[in-house]
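# Architecture at a glance
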Amino acid sequence: MYLNELTTIVYDNAMYKQFLKRWLDFAIVFCVLLVIWPLLVVIAVWLHFANKGAGAFFTQERPGKDGRIFKVIKFKSMTDERDKEGKLLPDMKRLTKIGRFIRATSLDELPQLLNVLKGDMALVGPRPLLPEYLPLYNKEQRRRHEVRPGITGWAQVHGRNTISWNEKFKLDVWYVDHMSFILDLRIILMTIKNVFLRTGINSSATDTMENFTGNN
C-alpha cells in the first residue's frame with residue numbers, strides 16, 4: 001500500500017514539485033556526501049597548492065528561487081594573478097591545468113552539494129547565474145527563477161557553454177514548465193554521460209562562457 005502511495009506521489013507532478021523533489025534532493029545529497037567527503041578533501045588540498053595561494057574554494061552571490069540572493073560555493077579553478085596595474089589577468093591566463101581538469105570533469109561543482117543541503121539549490125534546475133543579469137532578462141527569461149536553481153539542468157545537458165544565451169534561457173523555461181521526476185532522472189543520467197564524454201564544457205570563443213549583456 002505504501003509503495004503504491006509513493007509511486008502516485010512520484011508521478012504526481014504537483015506533489016513532486018512542492019514536496020518530494022526537495023526531500024529526495026536532501027536525502028540523496030546527504031548520502032553522497034557521506035561517501036565522497038575524502039575525495040573533496042583531496043581536491044581541496046590539491047587546489048590549495050595549484051592556485052598559488054588563492055585558496056581551494058570561492059563563494060559568489062547568485063539569485064535563487066524568486067530571485068533571492070544566496071552564496072554559491074565551488075572549487076576554485078583559477079589563480080588570483082594580476083597584471084602590473086593590479087588588475088586580474090584574463091580568465092584564460094589564470095585557469096590552471098588542474099582547474100581545467102576539474103571543470104572538464106565537473107568536479108568543480110561538487111561543493112554545491114552543500115547548497116542543496118541548505119535548500120538554496122536543487123540537484124536539477126536552471127543554473128544560478130550572476131545577480132547583475134536580473135534586470136537584463138525579459139519577462140519570459142525571468143521565469144527561470146520560478147524554481148530552485150540546480151547543479152545541473154536541461155540547458156546543461158543540451159550544450160552547456162556551447163549554446164547561445166537565448167537558447168539556454170529557452171531551455172530553462174521549458175524545464176520550468178515540464179519539471180517532473182522522470183525529467184529530472186533523465187537529466188541526471190544525461191549529465192553523467194556528458195561528464196564521461198566531456199561534452200559541452202567550453203564556448204566556441206573562450207574557456208569560460210561569455211557574459212550575458214541583454215537581449216539587444
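Residues numbered from 1 in each chain as written. Predicted model: local features only at pLDDT ≥ 70, side-chain atom pairs only at ≥ 80, totals over all residues. Heavy atoms only, no water.

Now for the overall build of the protein chain. Per the secondary structure count, the protein chain includes seven helices and four strands. Ordered by position from the N terminus, the helices and strands of the protein chain form the series α-α-β-β-α-α-α-β-β-α-α. Relative to its full complement of 216 residues, the protein chain shows a buried share of 46%. Expressed as a percentage of contacts within the protein chain between residues at least 6 apart in sequence, the contacts between residues at least 24 apart total 68%. Split by element, the accessible area of the protein chain, about 12400 Å² in all, is 62% carbon and sulfur. (Helix = DSSP H or I, 4+ residues; strand = E, 2+ residues; numbered from the N terminus. Buried < 20%, exposed > 50% of the residue type's maximum accessible area, 1.4 Å probe, protein only. Contact = heavy atoms within 4.5 Å. Areas by Shrake-Rupley, 256 points an atom, 1.4 Å probe, with all protein chains shown as cover.)

For any two helices packed against each other, one specifies the crossing angle of their axes together with the interaxial distance. Where helix H6 (residues 165-178) contacts helix H7 (residues 181-197), the axes come no closer than 9 Å and their chain directions differ by 140°. Judged by the angle between their axes, H6 and H7 are oblique. Counting all contacts with H6, which are made through Trp174, Tyr175 and His178, the residues of H7 involved are Leu183, Asp184 and Ile187. (Axes fitted to C-alpha atoms, helices over the stretch in contact; angles between N-to-C directions. Parallel < 35°, antiparallel > 145°, perpendicular 65-115°, else oblique.)

Bringing the nonpolar core into the picture now. Among the nonpolar cores identified, the biggest contains 33 residues, and Leu47, Phe75, Leu110, Leu113, Trp154, Tyr175 and Ile187 are the most heavily contacted of them. Of the residues forming this core, the biggest block, eight residues, is contributed by helix H2 (residues 13-50). Judged by nonpolar contacts, the second largest core, of seven residues, contains Leu129, Leu130, Tyr137 and Phe212. (Core = buried A, V, L, I, M, F, W, Y, C linked by side-chain atoms within 4.5 Å.)

Bridge count between strand E1 (residues 57-63) and strand E2 (residues 69-75): seven bridges; the pairing is antiparallel. Bridge pairing in E2 places Phe58 opposite Lys74. Count of turn residues in the E1/E2 antiparallel hairpin: five residues, of which Asp66 carries a positive phi of about 60°. (Pairing = 2+ DSSP bridges.)

On average, residues of the protein chain score 87 in pLDDT, and 88% of them are at 70 or above. Here helix H1 (residues 2-11) stands out as the least confident element of the protein chain, with mean pLDDT 56; strand E3 (residues 122-124) is the most confident, with 97. When the criterion is pLDDT under 50, residues 202-207 qualifies, and its contacts beyond four places in sequence or with other chains add up to 13 contacts. (pLDDT = per-residue confidence, 0-100.)

Quick reminder: α-helices carry 3.6 residues per turn. Residues three or four places apart thus point the same way. If you check H6, its first and last C-alpha atoms are 20 Å apart, about what 14 residues at 1.5 Å a residue would give, namely 20 Å. Considered for burial, the residues of H6 that qualify are Trp165, Lys168, Phe169, Leu171, Asp172, Val173, Tyr175 and Val176. (Expected span 1.5 Å × (residues − 1).)

Now for the pattern of salt bridges. Throughout the structure, instances matching the rule amount to 15 salt bridges. Taking the shortest distance from any N to any O, the salt bridge between Lys65 and Asp66 comes out at 3.4 Å. Taking the relative accessible area as the measure of exposure, Asp66 reaches 51% and is therefore exposed. For the salt bridge of Lys87 with Glu85, the shortest nitrogen-to-oxygen distance reads 3.9 Å. Exposure remark for Glu85: the relative accessible area of 63% places this residue in the exposed category. Each of Lys74, Asp108, Glu109 and Arg127 takes part in salt bridges that share partners, so that together they form one network. (Salt bridge = Lys/Arg side-chain N within 4 Å of Asp/Glu carboxyl O.)

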